[in-house]
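For reference, the chains in residue letters:
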Amino acid sequence: MAVLDILVYPDPRLRQPALPVSLLDDEIRRLVRDMAETMYQAPGIGLAAVQVNVPLRVIVIDISADQSDLQVFINPEIIERTGATQTEEGCLSVPGIFAPVERADSITVRSLNQDGETVDLYAEGLMSVCIQHEVDHLDGKVFVDYLSRLKQERIRKRLQKQIKHGIQSTPVSDAVTL
Ligand code: GNR
Ligand code: NI
């Protein structure tokens, strides 16, 4: 197992569109394990392979309070969306920044599980938001893209300053809501 490095916005590699997984082999299984370890260590509630510089359509999510419910989505497709809802979102690739984003209220996602079986999942609430956030990563999108140009500029400057000063992670006390 290994904790992988997470790319930080505005790293251009966060824009690379991810390709579908064609074969669920040992390499993919190792990727899933390393992504789960990376997500838990961060800690975060989701992680897309693009964020660890692997341009494949693989997502891990665990929204449980005690890291007991790992869910794996391979080649996910959102096949239904209903309603609209606004949530304060954060992202491990945009450390220390939170901002409201509007997304579909509930979704149905079709994907392969770790055994290569096709599974449909209906999700609402935080799970729905998280799946949409992660699928965006696979399409080269970051939640910041939904914000105003002014907010995007502020975020860019703040993170570039952090990177320059070699700050790896932002203490929660320094987090800002834009
Ligand atoms: O850890 C995360 N928390 C979160 C909170 C609100 C909406 C989305 C997320 S996903 C994020 C982890 C991450 O960056 N996944 O790509
Ligand atoms: Ni994210």
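Here goes a summary of the coordinates provided. (Residues numbered from 1 in each chain as written. Chains lettered and ligands numbered in written order. Predicted model: local features only at pLDDT ≥ 70, side-chain atom pairs only at ≥ 80, totals over all residues. Heavy atoms only, no water.)

Looking at the sheet that holds strand S7 (residues 118–124)
Read across the open sheet, the five strands follow the order S1-S2-S3-S6-S7; overall the sheet is antiparallel. Where the open sheet ends on each side, the last strands, each with one partner, are strand S1 (46–48) and S7. Between one strand axis and the next, the sheet turns through 40° on average, direction left out of account. Where strand S3 (residues 71–82) lies against strand S6 (residues 106–112), six bridges are found, and the strand directions are antiparallel. Residue pairing across strands places arginine 81 opposite isoleucine 107, the latter belonging to S6. Taken strand by strand, helix H1 (residues 26–41) contacts S1, strand S2 (58–61) and S3, and its axis lies near 40° from that of S2. The strands that helix H2 (residues 125–138) touches are S1, S2, S3, S6 and S7; relative to S7, the one it contacts most, it runs at about 120°. (Pairing = 2+ DSSP bridges. Helix = DSSP H or I, 4+ residues; strand = E, 2+ residues; numbered from the N terminus. Axes fitted to C-alpha atoms, helices over the stretch in contact; angles between N-to-C directions. Contact = heavy atoms within 4.5 Å.)

Observations concerning the sheet that holds strand S4 (residues 85–91)
Read across the sheet, three strands follow the order S4-S5-S8 without closing on themselves; strand pairing throughout is mixed. At either margin of the open sheet sits one strand with a lone partner, and together these are S4 and strand S8 (176–177). For S4 and strand S5 (residues 94–103), the ladder comprises six bridges, and the chain directions are antiparallel. Note that in S5 the partner of threonine 87 across the bridge is valine 101. Strand contacts of H2: S4 and S5, with the helix running at about 55° to S4, the strand carrying the most contacts. Packing against the sheet, helix H3 (residues 149–164) makes contact with S5 and S8, and its axis sits at approximately 160° to S5.

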